[in-house]
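Chain residues, written in single-letter form:
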Amino acid sequence: MRWKNGMTVAIFTGIFVLLAIALAPFVWNVMTSFKDKGEYFTYPPVFVPSTFDLEHYLQGLRLGGAKGIKDSFVIASLTTILAIVFGSLAAYALSRFQIGGENFAFWILSVRMMPPIASVLPLFLFFRFLRWLDTYQALILTYALVNLPFAVWMMKGFFDELPIELEEAALIDGCGRLGAFLRVALPLVAPGLVATALFCFMFSWNEFLFALILGRSKVVPVTVNIAGLIGGHEILWAEISAVSIVASVPIIVMAILLQRYLVRGLTLGAVKG
């Protein structure tokens, strides 16, 4: 019993230490968002600011943070919808009909591994030809193309673990192939669908390179807006921290609200009975 109690204490101590290390940058960022200019240049560093007010948050939102969050939310939401709709259809076809052969799914995933810098120039020229630079549709289409291979790969794994007999029973009962997909297969992999959607949303929300190159002044996602707070003569550290904290809130809230589905989705098919 003492050995077991000692192991339990050691495990929880290790978890606490790892959690403290993981949260330390976030906590420091929160504290920096409240500091005055003199406090984040002092040595030794000041951890607890002298005042706690929302001045830097309001200033950061006035400097484009509010518009950046709105643009990022619109782009990430529509990108996630497109990636999930087309990704689930493609994943179902790959899982059930073996389209493209055994290694075609991995080839699709390999597209996601391509460095973004390799495709940003062709996309820039393409969207300039269409006069789509600095528009929502340019970034939504780009992010959807980037996230689609990941969505296909994730959803294919969930469909592979789904017994095909369930859909065959639906087909015998008179359902078409699309009906069996929508009424049987898709509801059963809903946790995996939610997990994939959350990851696609996070990837789109945090993306910087495409947003910087394809956006200008009308469409400025929050990642580009935060980088814009670094000026040639002054770096607005408190405003940067404040906007980054506000920008992280939607992801944190979504992860908490969808935690049950996220855990079920990531463990779907992990245990075979």
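Student: Help me get a handle on the overall build of the chain, residues and values and all.
Tutor: From N to C terminus, the chain includes twelve helices and zero strands. Of the regular secondary structure in the chain, the N- to C-terminal order runs α-α-α-α-α-α-α-α-α-α-α-α. Dimensions along the principal axes, computed over C-alpha positions, put the chain at roughly 75 × 70 × 30 Å. When the 273 residues of the chain are sorted by exposure, 38% land in the buried category. Look at the contacts in the chain between residues 6 or more apart in sequence, and 74% of them connect residues 24 or more apart. Summed over all atoms, the accessible surface of the chain reaches about 16,100 Å², with 72% contributed by carbon and sulfur.

Student: Before we move on, could you go through the pattern of salt bridges and cite the residues and values that matter?
Tutor: Throughout the structure, instances matching the rule amount to four salt bridges. Notably, a salt bridge pairs Asp 71 with Lys 67, separated by 2.7 Å at the nearest N-O pair. A residue pair is termed a helical-turn pair when its members lie 3 or 4 positions apart in one helix, as Asp 71 and Lys 67 do in helix H2 (residues 55–97) at four residues. Glu 167 serves as the salt-bridge partner of Arg 177, at 3.7 Å between the closest nitrogen and oxygen.

Procedures and definitions
- Residues numbered from 1 in each chain as written.
- Predicted model: local features only at pLDDT ≥ 70, side-chain atom pairs only at ≥ 80, totals over all residues.
- Heavy atoms only, no water.
- Helix = DSSP H or I, 4+ residues; strand = E, 2+ residues; numbered from the N terminus.
- Buried < 20%, exposed > 50% of the residue type's maximum accessible area, 1.4 Å probe, protein only.
- Contact = heavy atoms within 4.5 Å.
- Areas by Shrake-Rupley, 256 points an atom, 1.4 Å probe, with all protein chains shown as cover.
- Salt bridge = Lys/Arg side-chain N within 4 Å of Asp/Glu carboxyl O.

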